[in-house]
Every structure is written in structure tokens, then in C-alpha cells.
Amino acid sequence: MEENLQTGRKLRPVDLARAHGLSTQAVRNYEEAGVLPPAARGENGYRAYTPGHALALAAFLALVPGHGHATATAVMRAVNRGACDEAFRLIDLSHAQLAEDRRTLEAVQRALRDLAPAPGTTTTTATATATATDPLGATGTAADPDGARESEGATGGGPGGRFIGPLARELGVRPATLRKWEAAGLVRPRRDPLTGYRVYDAAAVRDARLAHQLRRGGYLLEQIAPLAEQVRAAGGLEPLEAALGAWRARLSARGRALLAGAAELEAYLRAAVK
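Residues numbered from 1 in each chain as written. Predicted model: local features only at pLDDT ≥ 70, side-chain atom pairs only at ≥ 80, totals over all residues. Heavy atoms only, no water.

As for the overall build of the chain
So, point 1. Broken down by element type, the chain carries 13 helices and 5 strands.
So, point 2. Of the contacts formed within the chain by residues at least 6 apart in sequence, a portion of 66% connects residues at least 24 apart.
So, point 3. Just so you have it, the chain exposes about 14,100 Å², and 55% of that area is on carbon and sulfur atoms. (Helix = DSSP H or I, 4+ residues; strand = E, 2+ residues; numbered from the N terminus. Contact = heavy atoms within 4.5 Å. Areas by Shrake-Rupley, 256 points an atom, 1.4 Å probe, with all protein chains shown as cover.)

Written out as C-alpha cells, the structure reads:
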């Protein structure tokens with residue numbers, strides 16, 4: 001490939017640099033990094049680039065927006081050493097990542113659509129009195145006073161909230177699952193000042209429902225936690241629609257950037273085999 005690229009009119013580093021608003025040092029750095037194939041040297045020791053090098057630089061710069069600097073560099077290095085299959089494998093990984101990101105966005109949108117408004121529930125005086133009499137419960141501990149009593153005996157949650165047992169039954173999960181989600185940062189219940197039990201207000205119920213929907217879609221806790229934080233930061237689901245729209249736009253822009261990069265790389269490959 002290098003032999004074919006050394007033919008054609010000679011270009012100076014400044015010629016390549018000006019075409020893309022770069023410095024001549026940046027062009028030299030790209031050559032040293034393997035993004036450009038080695039340039040021939042004149043009798044004066046100066047680099048002599050060719051139109052092939054210009055195509056290589058254009059391909060690299062077009063690959064960066066869709067693949068990122070590291071992957072674009074790796075792709076060009078592979079191409080320049082004749083390992084095109086490796087370059088194509090790296091490109092495939094970027095497309096696969098974009099497809100996965102699109103699936104994640106679609107899962108989030110489905111989860112948000114499936115979320116009904118989270119109504120608060122109130123507890124009766126009898127319930128509040130009963131739960132206050134034994135804050136640790138038969139199997140509770142000082143570290144986690146909820147124990148089995150929180151899961152099984154508590155039916156309310158005070159004004160504007162509910163305890164872990166009723167919420168777990170509503171979602172069809174075990175109370176231990178809700179505790180695990182809390183530990184992972186997916187949901188943040190408050191504590192009842194009398195009993196020490198977890199109380200899920202409307203926002204916490206919303207977060208639990210969102211986590212439940214995404215877990216059913218196969219998403220990991222560490223994937224859900226950032227979204228839950230976004231929902232909380234946005235103040236609910238409705239403001240998040242703008243963020244989802246921006247996310248969708250970024251994915252579309254990345255998809256188009258991948259196409260643009262592929263076109264420039266193909267032009268470089270065609271020139272290299274002539």
C-alpha cells in the first residue's frame with residue numbers, strides 16, 4: 001500500500017495542514033502515530049507527501065467523529081500496515097456499540113411510557129401505631145431495622161408514601177430486591193422517624209418502577225443508575241423528554257458520522273490499490 005501512496009504530485013506538510021485547519025506539527029505527529037503512511041524524504045531531508053497521504057488524513061479526520069480518536073487511529077494504523085480485516089473489525093465494533101446504544105434508548109423510552117403516575121398512599125392511625133410499637137421487628141437488626149417485619153407487616157408508609165412490603169408486592173419483586181436497588185443508587189427511600197422503616201414517596205416509587213421496567217429489559221444495575229440520577233436531577237419524567245430527544249439526536253449524528261467516515265476510508269482504500 002505504501003508504494004502506491006508514494007506516487008503522484010508532491011505535497012508539503014503545510015499543504016496537508018492548511019486543507020484541514022491543522023498545524024504542520026499535527027501532520028507530522030499523525031505520521032509518527034501511523035495514521036499516515038511514512039512519507040518519502042527529499043535530498044534536503046524534508047517530507048514529501050502525496051495525494052494518497054491527503055486521502056489518508058481526510059479519512060482519519062472523518063473517522064474521528066463517529067469512532068473516537070483512539071479507534072480512528074487504530075483503524076488507520078491497521079489499514080496502513082495492510083491489516084484491513086482488523087480495521088473492518090474495529091469499525092464493526094463501533095457500529096455494534098451504536099446499535100446497542102439505540103436499543104438502550106428505546107428501552108428507556110418504553111420504560112418511561114409504561115410508567116403510570118406514582119400515587120402516594122396514606123397509612124391509618126392503627127397501622128402507624130402498630131409499626132411504631134416494635135421498630136426493629138422480630139428479625140430486624142440495629143443495622144437494618146427493616147427485617148422481616150418491614151417486609152411483611154407494614155402496610156402503609158405514612159402520608160405521601162408506602163413501606164417496602166406493599167411496593168414489592170405491587171412490582172412483583174422481593175423486598176430484598178428493592179434493598180439491592182437502593183444500595184446501587186437506583187432508588188432513594190426515606191426513613192420513617194418512628195419505626196426506621198423505609199418509606200417510598202412518589203419520586204421513590206417512580207424510580208422503583210423505572211428500575212423494574214429496565215431490569216425486565218435485561219439492563220444491569222450499573223446501567224440503570226445513571227438514568228435514575230438523570231430522572232431525579234430533571235425533577236421527574238416529563239423534563240427528561242428533552243434529554244431523551246437530545247440523546248436521540250446524538251445517536252443520529254453518530255450514525256451519519258460513521259457513514260461519512262466509511263466514505264472517506266473507502267476513497268483512501270481505492271486510491272491505495274490503484
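A closer look at the pattern of salt bridges
Once their charged atoms are close, side chains differing in charge can pair, the charge on each being opposite to the other.
So, point 1. Tallied over the full model, the rule gives 14 salt bridges.
So, point 2. For R206, the salt bridge goes to D207, with nearest N and O atoms at 3.0 Å.
So, point 3. In this structure, the salt-bridge partner of D207 is R232, at a minimum N-O distance of 3.1 Å. Of this pair, D207 sits in helix α11 (residues 202-216) while R232 sits in helix α12 (residues 221-234), and the two are 25 residues apart along the sequence.
So, point 4. A single network of salt bridges, built from pairs that share partners, joins R188, R206, D207, E229 and R232. (Salt bridge = Lys/Arg side-chain N within 4 Å of Asp/Glu carboxyl O.)

Focus on the nonpolar core
Nonpolar side chains tend to gather and get buried jointly when the protein is soluble and globular.
So, point 1. By size, the foremost hydrophobic cluster in this structure holds 33 residues, and its most contacted members are L178, W181, Y200 and L214.
So, point 2. At the level of elements, α6 (84-114), α9 (164-171), α10 (175-183), α11, α12 and α13 (240-272) are the ones that each hand at least two residues to this core.
So, point 3. Ranked by size, the runner-up nonpolar core spans 25 residues in total, among them Y30, A56, A59 and L90. (Core = buried A, V, L, I, M, F, W, Y, C linked by side-chain atoms within 4.5 Å. Buried < 20%, exposed > 50% of the residue type's maximum accessible area, 1.4 Å probe, protein only.)

Quick notes on the packing of aromatic side chains
So, point 1. Per the stated rule, a full pass over the model turns up 2 aromatic pairs.
So, point 2. Ring centres of F163 and Y197 lie 5.4 Å apart, and the angle between their planes is 85°; this geometry places the pair in the edge-to-face category. With a gap of 34 residues between them, F163 in the loop between β3 (161-162) and α9 and Y197 in the loop between β4 (190-191) and β5 (198-201) connect regions that are remote in the sequence.
So, point 3. Looking at Y197, the relative accessible area reads 1%, which means it is buried. (Phe/Tyr/Trp six-rings, centres within 6.5 Å; stacked < 30°, edge-to-face > 60°.)

Overview of the sheet that holds β5
So, point 1. An order of β3-β5-β4 is seen for the 3 strands of this open sheet, with the pairing classed as antiparallel. The open sheet has two edge strands, β3 and β4, and neither has a second partner.
So, point 2. In terms of strand pairing, β4 meets β5 through 2 bridges, oriented antiparallel. Residue pairing for β5: R190 is matched across the bridge by V199. (Pairing = 2+ DSSP bridges.)

Points about the side chain of T195
So, point 1. Locating T195 in the fold gives a position in the loop between β4 and β5.
So, point 2. A polar contact is formed between the side chain of T195 and the backbone nitrogen of Y197, at a distance of 3.0 Å. (Polar contact = N/O pair within 3.5 Å; in protein donor to acceptor, adjacent residues only side chain to side chain.)

A closer look at the side chain of Q109
So, point 1. By the secondary structure assignment, Q109 is in helix α6.
So, point 2. When its relative accessible area of 17% is taken as the criterion, Q109 is described as buried.
So, point 3. Beyond its immediate chain neighbours, meaning those up to four positions away, Q109 contacts L244 and R248.

A closer look at the pairing of β5
So, point 1. Note: β3 against β5, 2 bridges, orientation antiparallel. If you follow R162 over to β5, its bridge partner there is Y200.

Things to note about helix α5 (residues 69-80)
So, point 1. If you check α5, its first and last C-alpha atoms are 16 Å apart, about what 12 residues at 1.5 Å a residue would give, namely 16 Å.
So, point 2. Listed as buried for α5 are A72, T73, V75, M76, A78, V79 and N80.
So, point 3. G82 lies just past α5 and shows a positive phi near 85°. (Expected span 1.5 Å × (residues − 1).)

Points about the confidence of the model for the chain
So, point 1. Looking at the chain as a whole, the pLDDT averages 81, with 79% of positions reaching at least 70.
So, point 2. Predicted confidence for residues 118-148 stays below pLDDT 50, and this span has 58 contacts to residues more than four positions away or in other chains. (pLDDT = per-residue confidence, 0-100.)

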